[in-house]
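Residues per chain are reported as follows:
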Amino acid sequence: MTTETRQFKTEVNKLLELMIHSLYSHKEIFLRELISNASDALDKGRYEALTDEALHEGEGEGKIQLIPDKEAGTLTVRDNGIGMTREEIVEALGTIAHSGTKEFLKLLESRQAKDNPELIGQFGVGFYSSFMVADEVTVLSRRAGSDPGAAVRWQSTADGTFTVEDAVKDTKGTDVILTLKQDERAYLDEWELRNIVKKYSDFIEYPVAMAVTRTQPGTDGDKKGIEVTTEETLNSRKALWLKPKAEVTEEEYREFYRHVSHDFGDFAKVIHYRAEGTTEFSSLLYVPKTAPWNLFYKDFKVGPMLYVRRVQITDHCEDLLPPYLRFIKGVVESSDLPLNVSREILQNNKMVEVIRKSATKKVLDALAEMKTDDPDAYGEFYRQFGRVLKEGLHFDFERREQIADLLLFASTATEEGKTTTLADYVGRMPEAQKEIYYLTGASLAEAAASPYLEAFRDMGYEVLLMTDEIDDLLVSNLGQYREKPFQSVLKGDLDLGGEKRSEQKEAYGKLLDLIKDRLGNEVAEVRVSGRLKDSAVCLVRAEGDMDPQMEKMLKALGQEVPARKRALEINPDHALLKAMSARFERNRDDPLLGEYSQLLFDQALLLEGGRPKDPVAFAKAVARLMAERASEGIAVD
Ligand code: ADP
């Protein structure tokens, strides 16, 4: 096959376009990306060579070379890793867009990205970032184990097309050759390259090497000096996770965090430990400060990197941590696992199981510690990752209590912007209070203003205010905390009033029947409320019914939610109800009672965030009542 010109996939073209025209900050990350690709290719090469000796091709250690050429204006990043065949290169660099590309494009075009350039750093922008600094990129590659004549040359100026042609390459692996733009030639400078490697790629396990020329002072007679060229390794290659904790500096932790997380920000907590005993492993894990943009995407990669005896086996081992801790970044190294461990082996491996248990415990312990030692930092962590953590209540039965201890909620007793733990809530419960009360709402403001809270306030009972759609599901999963059951203030026939209420039930009984009769099928029941204080009425769901927030969410997702009738509760102490009751006693057929029944129901609908059945009729009725009141004692024509 000879030279062939191909079109980039549309998304790749768009990405290139944006890369070239919009991404001005952090241009230097192109080098991090290329070195990281080279390191991946070396990992793959080493991994495949475990089962196929021939792939070594007699070469020693894996190595990444930087070759700046000032005369030609090119920078080459060379590796002796796995390399690519012609088909692979066409796919990888042009015709297949990576799964995250669409989301990335969306983000790039948004204001969010313009205001927060660090978001871009969270993406593996990858190979195409080369075009931020290069006019033309050439990739010369040969798959390990193939003939020197089976190499391929890929070339593009990012003009919508690329070419591929057969080539000859003696050594296995890949050369990425960037013809730098006129004003990006600084990337040929030795110190600039050193700095960038140090900054982003210091922990790459393979040497990142560069030929460096120094002038040594000449001997006495010869003042000119001699130029000596040596190859220097620019990165320290330290396997930080294997070092004892005491020997690692904060700065080293930070650098390594950036390397494993691709996050330019900082981490909130580091969890570094070595387990000894029957299963030995080292683990360096991080709790990040800020949630990555794609934390809730289906293809979000779960789990830390897994190393076996200094060899990277996978960059995300999902068997090492449960999905509800997927925000944790880092690395685990075990010397007990076999090197050629496969996915299936990992999934059913006893040792992996032990590591997961231990790592999960360590992470939950670290979070608990953070909560006690630095509540503000923990609060911020919770804002970022609380939702993910909550998934654990559903999926990790065994550790439910421990996860419940980590939950934070606003409540009727917390100051604005503050939260409480369940333990503190329970500690504040008055003797008479038997249940943990909670209310779900779309926002804190809405929840706090809810009429359903009136009687609780009056009794001095604290109510947790939950604003996350999944909270209702979560507490019903949990059922109870420290033997105190959860009770939604929106549901069920609550009784905070005691004896007085049974008297009232008696007194209002017949009027309630009348209201129920007028409302017909609209409500399941009309009853005296145990939860109202100031409002006249409210609608209440049955204990087993769906939570209103959950219902809203399901409806928004287009799911059908069966309509369930609710109970209309009336406030027996409200002047309106008292007056209605008096009228009822005087004349059971008073037409006003029927009309008011409907208005009470409409009010209740408004209070729960809905709208009256017939808004026009409602507005007319209210206007008429207002007119009556306004014209009292005044002569109106
Ligand atoms: P990513 O690295 O996130 O997959 P890139 O755009 O950086 O995305 O690279 C695309 C693909 O090209 C890689 O997944 C890999 O298959 C291939 N590739 C890139 N650089 C190299 C290299 N140096 N050696 C072998 N394959 C490479």
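Residues numbered from 1 in each chain as written. Predicted model: local features only at pLDDT ≥ 70, side-chain atom pairs only at ≥ 80, totals over all residues. Heavy atoms only, no water.

### Digging into the site of the ligand
Close to the ligand lie 10 residues; Asn-37, Asp-79, Ala-92, Gly-126 and Phe-127 are nearest. Within the backbone of Phe-127, an N or O atom sits 2.8 Å from an oxygen atom of the ligand. Thr-174 is positioned with one of its side-chain polar atoms (N or O) 3.3 Å from a nitrogen atom of the ligand. A total of 530 Å² of accessible area belongs to the ligand in isolation, and the protein chains cover 77% of it. Secondary-structure elements contributing two or more residues to the shell around the ligand are α2 (29-49) and α3 (86-95). Class assignment for the residues of the shell around the ligand results in five nonpolar, four polar and one charged. (Near = heavy atom within 4 Å. Polar contact = N/O pair within 3.5 Å; in protein donor to acceptor, adjacent residues only side chain to side chain. Areas by Shrake-Rupley, 256 points an atom, 1.4 Å probe, with all protein chains shown as cover. Helix = DSSP H or I, 4+ residues; strand = E, 2+ residues; numbered from the N terminus. Nonpolar A, V, L, I, M, F, W, Y, C, P; charged D, E, K, R; others polar.)

### Focus on the pattern of salt bridges
Across all of its chains, the model carries 45 salt bridges by this definition. Residues Glu-569 and Arg-527 are paired through a salt bridge, measuring 2.7 Å at the closest nitrogen-oxygen approach. Of this pair, Glu-569 sits in strand β22 (residues 566-570) while Arg-527 sits in strand β20 (residues 523-528), and the two are 42 residues apart along the sequence. By relative accessible area, Arg-527 is classed as buried at 9%. One salt bridge in this structure joins Arg-624 and Glu-595, with 2.3 Å as the shortest N-O distance. (Salt bridge = Lys/Arg side-chain N within 4 Å of Asp/Glu carboxyl O. Buried < 20%, exposed > 50% of the residue type's maximum accessible area, 1.4 Å probe, protein only.)

### With respect to the nonpolar core
Phe-381, Leu-389 and Leu-568 are the most contacted members of the largest nonpolar core, which totals 101 residues. Grouped together as the second largest cluster of nonpolar side chains are 52 residues, Met-132, Ala-134, Val-137 and Val-197 included. (Core = buried A, V, L, I, M, F, W, Y, C linked by side-chain atoms within 4.5 Å.)

### A closer look at the packing of α2 against helix α6 (residues 190-201)
Interaxial distance between α2 and α6 falls to 9 Å at its minimum, and their mutual angle equals 65°. Two packed elements cross with a definite hand, and for α2 against α6 that hand is right-handed. Here Ile-29, Leu-31, Arg-32 and Ile-35 of α2 come into contact with α6, specifically with Leu-193, Ile-196, Val-197, Tyr-200 and Ser-201. Considered class by class, the residues forming the contact of α2 with α6 number seven nonpolar, one polar and one charged. (Axes fitted to C-alpha atoms, helices over the stretch in contact; angles between N-to-C directions. Left-handed = near helix turned anticlockwise from the far one by under 90°. Contact = heavy atoms within 4.5 Å.)

### Concerning helix α4 (residues 101-109)
Regarding α4, the residues found buried are Thr-101, Phe-104, Leu-105, Leu-107 and Leu-108. The arc that holds every buried residue of α4, seen down its axis, measures 165°, which confines them to one face. Those residues of α4 that are exposed and angled more than 90 degrees off the buried face are Lys-102 and Lys-106. (Arc of directions from axis to C-beta.)

### Things to note about the domain arrangement of the protein chain
In terms of domains, the protein chain is made up of domain 1 (3-229), domain 2 (240-383), domain 3 (409-488) and domain 4 (498-542 + 554-631). A C-alpha centroid distance of 71 Å is found between domain 1 and domain 4. (Domains from an automatic or database assignment.)

### Focus: the environment of Asp-471
Within the element layout of this structure, Asp-471 appears in helix α15 (residues 471-478). The exposure class assigned to Asp-471 is buried, which follows from its relative accessible area of 2%. The sequence separation of Asp-471 and Arg-387 amounts to 84 residues, and the corresponding C-alpha distance is 9.2 Å. Setting aside residues no more than four positions away along its own chain, Asp-471 makes contact with Lys-390, Phe-409 and Met-466.

### Description of the sheet that holds strand β15 (residues 410-411)
In spatial order, the strands read β15-β17-β16-β19-β18; together these five strands make up an open sheet with mixed pairing. Unpaired on one side and paired on the other, β15 and β18 (480-481) mark the two borders of the sheet. By the bridge criterion, two bridges tie β15 to strand β17 (residues 463-466) in an arrangement that is antiparallel. Residue pairing for β17: Ala-410 is matched across the bridge by Leu-465. Sheet strands in contact with α15 are β16 (436-440), β17, β18 and β19 (484-488), and its direction is about 155° off that of β16. (Pairing = 2+ DSSP bridges.)

### Re helix α10 (residues 375-395)
Count 3.6 residues to each turn of an α-helix, and residues three or four apart come out pointing the same way. The terminal C-alpha atoms of α10 lie 26 Å apart, and with 21 residues this falls more than 12% below the ideal 30 Å at 1.5 Å per residue. The largest bend in α10 amounts to roughly 70° and is located at Phe-385. Residues of α10 that are buried: Tyr-378, Gly-379, Phe-381, Tyr-382, Phe-385, Gly-386, Val-388, Leu-389, Lys-390, Glu-391, Gly-392 and Leu-393. Buried residues along α10 sit in contact with β11 (281-288), α9 (350-373), α11 (400-404) and α15. (Expected span 1.5 Å × (residues − 1). Bend = angle between axes of the 7 residues up to and from the residue.)

### Brief notes about unusual backbone geometry
Phi at Ala-158 is positive, roughly 60°, even though this residue is not glycine. Tracing the sequence through the fold places Ala-158 in the loop between β5 (151-156) and β6 (161-167). Here Ala-158 falls in the buried class, since its relative accessible area comes to 18%. A positive phi angle, near 65°, is found at Glu-483, a position not held by glycine.

### Examining the packing of aromatic side chains
By the definition in use, this model includes 23 aromatic pairs. Here Trp-241 and Tyr-307 contribute two aromatic rings whose centre-to-centre distance is 4.8 Å and whose plane-to-plane angle is 45°, an arrangement assigned as tilted. One end of the pair, Trp-241, is in the loop between β9 (226-233) and α7 (250-261); the other, Tyr-307, is in strand β12 (residues 305-308), with 66 residues separating them in the sequence. Summarising the burial analysis for this pair, Trp-241 and Tyr-307 share the class buried. When the centroid spacing of 6.2 Å and the interplanar angle of 75° are considered together, the rings of Tyr-438 and Phe-486 count as edge-to-face. A residue pair is termed long-range when its members are at least 10 positions apart, and Tyr-438 in strand β16 and Phe-486 in strand β19 qualify at 48 residues. We classify Tyr-438 as buried; its relative accessible area is 5%. Put simply, the rings of Trp-241, Phe-256, Tyr-257, Phe-267, Tyr-286 and Tyr-307 touch in pairs and so form one group of aromatic residues. Positioned above the aromatic ring of Trp-191, the side-chain terminus of Arg-194 is 4.8 Å from the ring centre. (Phe/Tyr/Trp six-rings, centres within 6.5 Å; stacked < 30°, edge-to-face > 60°. Lys NZ or Arg CZ within 6 Å of the ring centre and 35° of its normal.)

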